[in-house]
Amino acid sequence: MDRYQKPSSRRSGRYRRKAASEWPHIFLFYILPFFVFNGILLLLVISKPRVTLAVGDSTDYLSCQVTLTVDSWFPTKTVELQMDGETLELTKGPKRTYTASVSRNGMAEAYVVNLNGMPVQVFRQVNVLDDTLPHFESASVDDGILTVVLSDTQSGINYDSIYGLNSEGGQVLPLTVNQETGTLTFTMDPEGLQIFVQDKAGNESRCNYTSHMEGTQDVLNSFAEDDSTAEQ
């Protein structure tokens, strides 16, 4: 008895459809994992830490806290904080925060390296501290009374610190003090009167005054020290 056989063309078509159906399998289990794995590997190799550097306010104008915060998937290999090239001592806080005390203005630089070797540098200017001297704005003399005007741009004048030395080295205190205008008066010693003033951060300025008569008019000469200035 003859047996019925399907045409060879139909058999070959079935084989072609089967071969075509393997592409989703190849993409899902070979191509896609390849790209995912290499993408994750690349991310791990080039991942850098995210670093935040914050400067706190100062309550005394003498020091402040600088806080370094690190956000990274990796452990860190190096964490450093420098101030104008000088390494600061860090105190470890919660999570990945570090603090350091700063006692002068300048440029703070954080340097953090991940375990994968990727580094990050962050800079922040510290300018909240008072390292500026009090300023002798102006001075005048009239009838033997010296009037001086002072100013200070940050912590303010420490009026309790003000005194003078006359030509004999004796201490002279102000006759009057107006803290609202920064105006002081002293009994003038024509041979020489040196006035000392500090701000609340302890920065001190000094100014020397002498006077002489030209006709009936007092003429004042002044010389300010420590980069402060005074006007005649």
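This is a predicted model, so every value here is computed, not measured. (Residues numbered from 1 in each chain as written. Predicted model: local features only at pLDDT ≥ 70, side-chain atom pairs only at ≥ 80, totals over all residues. Heavy atoms only, no water.)

Engineer: Account for the pattern of salt bridges, naming residues and giving values.
Structural biologist: A complete count under the given rule lists three salt bridges for this structure. Between Glu86 and Arg104 there is a salt bridge, with the nearest N and O atoms lying 3.3 Å from each other. Of the two residues, Glu86 sits in strand S4 (residues 86-87) while Arg104 sits in the loop between strand S6 (97-102) and strand S7 (106-114), which places them 18 residues apart along the sequence. Exposure remark for Glu86: the relative accessible area of 43% places this residue in the partly exposed category. Relative accessible area serves as the criterion here: at 34%, Arg104 is assigned to the partly exposed category. The partner of Glu204 in a salt bridge is Arg206, and the shortest N-O contact between them spans 3.4 Å. (Salt bridge = Lys/Arg side-chain N within 4 Å of Asp/Glu carboxyl O. Helix = DSSP H or I, 4+ residues; strand = E, 2+ residues; numbered from the N terminus. Buried < 20%, exposed > 50% of the residue type's maximum accessible area, 1.4 Å probe, protein only.)

Engineer: Account for the sheet that holds strand S8 (residues 119-126), with residues named and values stated.
Structural biologist: Reading across the sheet, the four strands line up as S4-S3-S7-S8 and stay open at both edges, with antiparallel pairing between neighbours. The open sheet terminates on both sides in strands that have one partner only, identified here as S4 and S8. Direction of pairing for strand S3 (residues 76-83) relative to S7: antiparallel, over a ladder of seven bridges. Bridging from a neighbouring strand, Glu80 pairs with Tyr111 of S7. (Pairing = 2+ DSSP bridges.)

Engineer: Describe the nonpolar core, naming the residues involved and giving the relevant values.
Structural biologist: Residues Leu146, Ile162, Ile195 and Tyr209 are the most contacted members of the largest nonpolar core, which totals 20 residues. Looking at this core, the elements with two or more residues in it are strand S9 (135-142), strand S10 (145-151), strand S11 (157-166), strand S14 (183-187), strand S15 (193-199), strand S16 (204-214) and strand S17 (217-225). Leaving out residues up to four positions away in the same chain, Ile195 has contacts with Phe136, Leu146, Val148, Ile162, Tyr163, Gly164, Phe186, Ser205, Arg206, Cys207 and Tyr209. Grouped together as the second largest cluster of nonpolar side chains are 19 residues, Val66, Leu81, Ala100 and Val126 included. (Core = buried A, V, L, I, M, F, W, Y, C linked by side-chain atoms within 4.5 Å. Contact = heavy atoms within 4.5 Å.)

Engineer: Help me get a handle on the pairing of S6, residues and values and all.
Structural biologist: Pairing geometry for strand S2 (residues 64-71) and S6, over six bridges, is antiparallel. Within S6, the position partnered with Gln65 by the bridge is Ser101. Pairing geometry for strand S5 (residues 91-92) and S6, over two bridges, is antiparallel. Among the inter-strand pairings, Thr91 is bridged to a residue of S6, identified as Thr99.

Engineer: Describe the sheet that holds S9, with residues and values.
Structural biologist: Sheet architecture is open: four strands sit in the order S9-S10-S14-S13, paired in antiparallel fashion. Of all strands in the sheet, those with a lone pairing partner are S9 and strand S13 (176-178), marking the two edges. Pairs of neighbouring strands in the sheet enclose a mean axial angle of 20°, with direction left out of account. Where S9 meets S10, seven bridges bridge the pair, whose relative direction is antiparallel. (Axes fitted to C-alpha atoms, helices over the stretch in contact; angles between N-to-C directions.)

Engineer: Lay out unusual backbone geometry with the relevant residues and their values.
Structural biologist: In terms of backbone geometry, most residues other than glycine have negative phi values and most peptide bonds are trans. Even without being glycine, Tyr61 reaches a positive phi, approximately 65°. Of note, Tyr61 is situated in the loop between strand S1 (50-55) and S2. You can call Tyr61 partly exposed: its relative accessible area is 30%. If you check the backbone angles, Asp143 has positive phi at about 55° while not being a glycine. Of note, Asp143 is situated in the loop between S9 and S10.

Engineer: I'd like to hear about the confidence of the model for the protein chain, residue by residue, with values.
Structural biologist: Residue-level pLDDT values for the protein chain average 84, and 78% of them are 70 or greater. Low pLDDT, under 50, characterises residues 227-232; the stretch is placed with 22 contacts to residues that sit more than four places away or in other chains. (pLDDT = per-residue confidence, 0-100.)

Engineer: Can you explain the side chain of Asn105? Please cite residues and give values.
Structural biologist: Relative to the elements of secondary structure, Asn105 occurs in the loop between S6 and S7. Of the residues examined, Asn105 reaches a relative accessible area of 18% and is grouped as buried. A distance of 3.4 Å separates a polar side-chain atom of Asn105 from the backbone nitrogen of Val128. The residues contacting Asn105, other than those within four sequence positions of it, are Met83, Asp84, Val126, Asn127, Val128, Leu129 and Asp131. (Polar contact = N/O pair within 3.5 Å; in protein donor to acceptor, adjacent residues only side chain to side chain.)

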